[in-house]
Amino acid sequence: MYRTPQLPAPSLAALALVLIGTWMVAALAHPRGLILGGVCFLAGISLMLLQGFLRFDSQARVKSDLELENLSLRNLSQKEDHLRQGILVNLREGVVLLDSQKEVRLYNPAAQLLLSTSSRLAMGASLPGVFREPETLRNIEMAYAGKETEWTLRRDPRSLRLRAVPIDSVDGSQNVLLTIGDITRQEALETTRQKFISNASHELKTPVTGIRIAAENLMDGGFVAPGGEINIQAILRSVDRMTMLLNDISELSRIETGALRLQAQPIQLGVFLPQLIEEMRRQAEPRRIALKAELEPSLDQMVMQADPLRLHQLLENLLSNAIKFSPEGSEVVLQVQSRAPWLIWIVQDSGPGIAESDARRIFERFYRAPSTRGVPGTGLGLAIVKHLALLMGGEVSLESELGKGSTFTVKLPHP
Ligand code: ADP
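Residues numbered from 1 in each chain as written. Predicted model: local features only at pLDDT ≥ 70, side-chain atom pairs only at ≥ 80, totals over all residues. Heavy atoms only, no water.

**Quick notes on the sheet that holds strand 3 (residues 149–155)**
Heads up, the condition is: One bridge is not enough; two strands pair if DSSP finds at least two bridges between them. Think of it this way: any DSSP run of H or I at least four residues long counts as a helix, any run of E at least two long counts as a strand, and we number them from the N terminus. Note on geometry: axes are C-alpha line fits, over the in-contact stretch for helices, and angles between N-to-C directions span 0 to 180 degrees. Contacts are assigned to residue pairs that have any heavy atoms within 4.5 Å of one another.
Strand order in the open sheet formed by five strands is 2-1-5-4-3, with antiparallel pairing between adjacent strands. Edge positions in the sheet fall to strand 2 (104–107) and strand 3, since each of these pairs with one other strand and no more. Direction aside, neighbouring strands of the sheet carry axes that sit 25 degrees apart on average. With nine bridges connecting them, strand 4 (residues 158–168) and strand 5 (residues 174–182) associate as antiparallel partners. By the bridge assignment, V165 is partnered in strand 5 with L177. The strands touched by helix 5 (residues 134–144) are strand 1 (94–98), strand 3, strand 4 and strand 5; relative to strand 3, the strand with the most contacts, the crossing angle is about 155 degrees.

This is how it looks when you write it as structure tokens:
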């Protein structure tokens, strides 16, 4: 708070006037009064000069105080401008302020990025230059009329969520603040979730229907179904299928929602690999499939860091596919090679192979090549493989030729 300095009262000028007056009276009344009057006159003049000086000095002081205050206010406002600028620049949400003339008064880099080149976003740009979509223009007009609005705008390849908020300025004019959020990922996740639910319920319907038919047959006293299958066996087969599906669904959902945390541990390849092959032989033998592991000799003593359970799950999925889709008596080979900075795991079979049109889709959830539908499965195994490989910092790829077998290659980082 600033206060103007006060001069002492009674005023020096009034005192000087009194002294000058005294001199005039004294000079008129008595000749000696002239000397006394002269002294009074000089004293009066000096006092008037002194007051003038004091006033000048105090004015100068007031001026320099004002300048100081002005400077500090300017500094403060510069700091606040800088802070505001920093906030706007670092916001992930786009912000556009439209003034009462419906022209852009402020915007941030995120707004420019999100609206992309289809909007001519610039200071002073007019509303129709920035947005041409009728719904957007209508919503902004509603905000000018005082109603807050929210809507979705598609600007390829993005989906944007816009909000228009009316803002009164000090002079009473109406501004509109637009905030722009990128909801592309949220939308994609929502679509995936809906597709997942619809696929999962569709897949579950088949075994549930199987159980119902078999149970109804049993109720009617039929032990064997019209197709020749024993009804109890049909029920068990459907229950197994449902269990397999539910396990894969919950596993995939744990991976996709990030609930699955990898627990890396040292794994000695020379020990891990023979154990895995031994377990998988139990699946391969009934179909007389020869399962082989080929580990580069230099890797026998090698210790890698990975989650053993998840690495096992990934390879088990690939090997069990190779075993179940390959013809009886054929060969499935698992090779491990080092190609710095990667450790390469290759699962090769001489099964039916995968057509190019299917190869593009087999890593999608529930996708099964039409030619292999007769073989039991959930269509989720390769989706789990893909996600596990990504989670481990690697990737999976496929090379295949119809009728000549398939080769799945998993690259995992190996520092
Ligand atoms: P599932 O094996 O339970 O059907 P996956 O997700 O593991 O599901 O595989 C998806 C589809 O990819 C399979 O249904 C099959 O059509 C095809 N596929 C996977 N591995 C092989 C393979 N080794 N040989 C031929 N086709 C395969």
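**Digging into the nonpolar core**
Heads up, the condition is: Throughout this description, the term nonpolar core refers to a set of buried Ala, Val, Leu, Ile, Met, Phe, Trp, Tyr and Cys residues connected via side-chain atoms within 4.5 Å. A 1.4 Å probe rolled over the protein chains alone gives each residue an accessible area, and that area as a share of the maximum for its type sets the label: buried under 20%, exposed over 50%, partly exposed in between. Each domain's limits were defined by an automated method or a database of domain assignments.
M304, L311, L314, L334 and W345 are the most contacted members of the largest nonpolar core, which totals 51 residues. Counting only domains with at least three residues in this core, you end up with domain 3 (187–257) and domain 4 (265–413). Ranked by size, the runner-up nonpolar core spans 22 residues in total, among them F131, A143, L162 and A164.

**Concerning unusual backbone geometry**
For the peptide bond that leads from D156 to P157, omega is 0 degrees, which places it in the cis range. By the secondary structure assignment, P157 is in the loop between strand 3 and strand 4. The residue after A340, namely P341, is reached through a cis peptide bond having omega 5 degrees. Considering the arrangement of structural elements, one finds P341 in the loop between strand 9 (331–339) and strand 10 (342–349). Backbone geometry places R288, a non-glycine residue, at a positive phi of 55 degrees.

**Thoughts on the confidence of the model for the chain**
Counted only if it meets this: Values of pLDDT, which run from 0 to 100, indicate the predictor's confidence residue by residue.
For the chain, mean pLDDT is 88; residues scoring 70 or higher make up 90% of the total. Predicted confidence for residues 1–9 stays below pLDDT 50, and this span has eleven contacts to residues more than four positions away or in other chains.

**Quick notes on helix 7 (residues 231–256)**
Within an α-helix, residues lying three or four positions from one another point in the same direction, as the helix has 3.6 residues per turn. Operational definition: Expected helix span is computed as 1.5 Å times (number of residues minus one).
The terminal C-alpha atoms of helix 7, which comprises 26 residues, lie 37 Å apart, in line with the 38 Å expected from a rise of 1.5 Å per residue. Residues of helix 7 that are buried: N231, A234, I235, S238, L245, D248, I249, E251, L252 and I255. Once helix 7 ends, the next one or two residues include G258, with phi positive near 80 degrees.

**Some remarks on the site of the ligand**
Counted only if it meets this: Residues are labelled near a given molecule or strand when at least one of their non-hydrogen atoms is within 4 Å of it. A 3.5 Å cut-off defines polar contacts: any pair of N or O atoms within that distance qualifies, except that in protein one atom must be a possible hydrogen donor and the other a possible acceptor, and neighbouring residues in sequence count only when both atoms are side-chain atoms. Per-residue and other accessible areas were derived by the Shrake-Rupley procedure at a 1.4 Å probe size, with only the shown protein chains allowed to occlude residues. Throughout, the ten residues Ala, Val, Leu, Ile, Met, Phe, Trp, Tyr, Cys and Pro are labelled nonpolar, Asp, Glu, Lys and Arg are labelled charged, and all others, Gly among them, are labelled polar.
In the vicinity of the ligand there are 20 residues, among which N321, R368, T372, T378 and L382 approach most closely. A distance of 2.5 Å separates an oxygen atom of the ligand from a polar atom in the side chain of T372. Between the ligand and T378, the relevant distance is 2.7 Å, taken from an oxygen atom to a main-chain nitrogen or oxygen of the residue. Within the complex, 98% of the 530 Å² of free accessible area of the ligand lies under protein. In terms of residue count, helix 9 (residues 308–325) provides more of the shell around the ligand than any other element does, four residues in total. Looking at the shell around the ligand, its residues break down into nine nonpolar, eight polar and three charged.

**Side note on the domain arrangement of the chain**
Split by domain assignment, the chain resolves into domain 1 (12–87), domain 2 (94–182), domain 3 (187–257) and domain 4 (265–413). Averaged C-alpha coordinates put domain 2 and domain 4 at centres separated by 52 Å.

**Here we look at helix 5**
Threshold: The directions from the helix axis to the C-beta atoms are what the arc is built from.
Every buried residue of helix 5 is listed here: T136, N139, I140, A143 and Y144. Looking straight down helix 5, one finds that the buried residues subtend no more than 150 degrees of arc, so they occupy a single side. Turned more than 90 degrees away from the buried face of helix 5 sit P134 and R138, all of them exposed. In this structure, the buried residues of helix 5 make contact with strand 1, helix 4 (127–130), strand 3, strand 4 and strand 5. Looking at the residues trailing helix 5, positive phi occurs at G146, about 105 degrees.

**Notes on the environment of S159**
Looking at the element boundaries, S159 is found in strand 4. For the pair S159 and G381, spaced 222 residues apart in the sequence, the C-alpha separation amounts to 31 Å. Sequence-distant contacts of S159, defined by excluding residues within four places in its chain, comprise L153, R154, G181, D182, I183, T184 and E187.

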